[in-house]
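# Architecture and fold: a report
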Amino acid sequence: MHIRELFDLTGKVALVTGGSRGLGKAMAEGLAEAGAKLAITSRRTEWLEPTAQEFADRGFECLAIPADVSDPQQVERLVQAALDRFGQVDILVNCHGVSWGAPVLEMPLDRWKWVIDVNVNGTYYTCRAVGGHMLARGSGSIINVASVAGLLGTAEEILSATGYAASKGGIIALSRDLAVKWGPKGVRVNVIAPGFFNTRLSKPVIERAGDKIRALTPLGRIGEPHELKGLAVFLASEASSYITGQVFVIDGGMSAA
């Protein structure tokens, strides 16, 4: 197979949660540029609809579906809407996520539960809903977005969000287990674990501790969302057909230092 064919997603359908902005939008854009049709979702329509229009203006086929992934019934409706429109889902990218900053002993328990519910449970719900369809077809690629915070502890002066770290660790464990269970049936599950990127979610942390983060990063800078596009296309395409159950860290070398 020619190298261009390995990365070609023409005829594929990608469902991207958190696809209206930030890292999710960048990855959705990359998948569409590689030829995939898109279904994107987020809780808030004020970002979702403009992104869908932006993609449509570029000639991408894109369905925008508002949904709260922490609600399993909304997830089922989301997946069914994508299937009704496109007939299949070949690629699932779970890039939704929330966080709450507070020292461990001061973390409001309702905020802890909220972070776990959206990040971990939401990922499980979407994997379950889309996974059933993929297993029936005997193929599919699931890309779950975690974080280096799910692999390593973070100094208090940089990030105080233990619920977020726990949720991202949970996503990694979930993904590895699904990879083992679903690999024999043709469904691959991998994880992207970003470091610090210039997104709305990371902005308060970068504004407060950006100099420390840059000093700890061998490449000496904060990541930009478009720098995830290539990895997302790789994991979604035939170029990674023998890869599953892996965690791909993209953090400018911070975790290697």
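Values in this document were obtained by computation on a predicted structure and should not be read as measured data. (Residues numbered from 1 in each chain as written. Predicted model: local features only at pLDDT ≥ 70, side-chain atom pairs only at ≥ 80, totals over all residues. Heavy atoms only, no water.)

## Some details on the side chain of T41
Threshold: Strands are runs of DSSP state E lasting at least 2 residues, helices are runs of H or I lasting at least 4, and numbering of each runs from the N terminus. N or O atoms within 3.5 Å of each other form a polar contact, as long as, within protein, one can give a hydrogen and the other can take it, and as long as residues adjacent in sequence are counted only when both atoms are side-chain atoms. Residues are treated as being in contact if the distance between any of their heavy atoms lies within 4.5 Å.
Inspection of the secondary structure assignment puts T41 in strand β2 (residues 37–41). Here the side chain of T41 touches A67 through a polar contact of 3.4 Å, landing on its backbone nitrogen. With residues near it in sequence (within four places) discarded, T41 still touches V16, T17, G18, G19, S20, L48, I65, P66, A67 and L78.

## Some thoughts on the state of the cysteines
Selection criterion: In this description, the term disulfide denotes a pair of cysteine sulfurs within 2.5 Å. Exposed residues in this analysis have more than 50% of their type's maximum accessible area, buried residues have under 20%, and partly exposed residues fall in between, with area computed by a 1.4 Å probe over protein chains only.
In this structure the tally under the stated criterion is 0 disulfides. As a non-bridged cysteine, C62 has C95 as the owner of its nearest cysteine sulfur, 15 Å distant. What makes C62 buried here is its relative accessible area of 15%. Of the cysteine sulfurs around C95, a residue in no disulfide, the closest is that of C127, at 13 Å.

## Some details on the nonpolar core
Counted only if it meets this: Side-chain atoms within 4.5 Å are what join buried Ala, Val, Leu, Ile, Met, Phe, Trp, Tyr and Cys residues into a set we call a nonpolar core.
Of all hydrophobic cores here, the largest spans 31 residues; its most connected members are L9, M27, L31, L38, I40, V93 and I192. Those elements that provide at least two residues to this core are β1 (13–17), α2 (22–33), β2, α3 (45–57), β4 (91–94), β5 (140–145) and α8 (229–236). Among the nonpolar cores identified, the runner-up in size contains 26 residues, and A82, L83, M134 and W182 belong to it.

## Structural notes on the packing of α2 against α8
Put simply, the rule reads: Note on method: axes are straight lines fitted to C-alpha atoms, helices fitted across the in-contact stretch only, with angles between N-to-C directions ranging 0 to 180 degrees. Every angle not falling under 35 degrees, over 145, or within 65 to 115 is termed oblique; those three ranges are roughly parallel, roughly antiparallel and roughly perpendicular. For any pair of crossing helices, the crossing counts as left-handed if the nearer helix is rotated counterclockwise from the farther one by less than a right angle, and right-handed if it is rotated clockwise. Any residue that is not Ala, Val, Leu, Ile, Met, Phe, Trp, Tyr, Cys, Pro, Asp, Glu, Lys or Arg is counted as polar, Gly included; the first ten are nonpolar and the last four charged.
In contact at an axis separation of 8 Å, α2 and α8 are set at 55° when each is read in the N-to-C sense. Considering their axes alone, α2 and α8 lie oblique with respect to each other. Note that α2 runs across α8; the crossing there is right-handed. On α8, the residues that touch A26, M27, E29, G30, L31 and E33 of α2 are K229, A232, V233 and A236. Residue composition of the contact of α2 with α8, by class: 6 nonpolar, 1 polar and 3 charged.

## A closer look at the sheet that holds strand β7 (residues 247–250)
Rules: Pairing between strands is defined by DSSP: at least two bridges between them are needed.
Here 7 strands make up an open sheet; going across it, the order is β3-β2-β1-β4-β5-β6-β7 and the pairing parallel. Edge positions in the open sheet fall to β3 (62–64) and β7, since each of these has one partner strand only. The mean angle between the axes of side-by-side strands here comes to 15°, regardless of whether they run parallel or antiparallel. In terms of strand pairing, β1 meets β2 through 5 bridges, oriented parallel. The residue bridging L15 from the neighbouring strand is A39, located in β2. Relative to the sheet, α3 contacts β2 and β3, its axis offset from that of β2 by approximately 170°. Contacts from helix α5 (residues 109–137) reach β1, β4, β5 and β6 (187–194) within the one sheet, and its direction differs from that of β4 by about 175°.

## Details of the pairing of β6
We count it as follows: Handedness rule for crossovers: strands pointing away from the viewer, path from the first strand over the helix to the second running clockwise, crossover right-handed.
Among the 8 residues of β6, 8 are classified as buried, and the element is accordingly described as predominantly covered. Of the two faces of β6, the one holding V187, V189, V191 and A193 and the one holding R188, N190, I192 and P194 are both buried throughout. Once the chain exits β5 it traverses helix α6 (residues 162–182) before rejoining the sheet at β6, and the crossover so formed is right-handed. Strand direction decides the pairing type here: β6 and β7, joined by 4 bridges, are parallel. When the sheet's bridge partners are listed, A193 is paired in β7 with V249.

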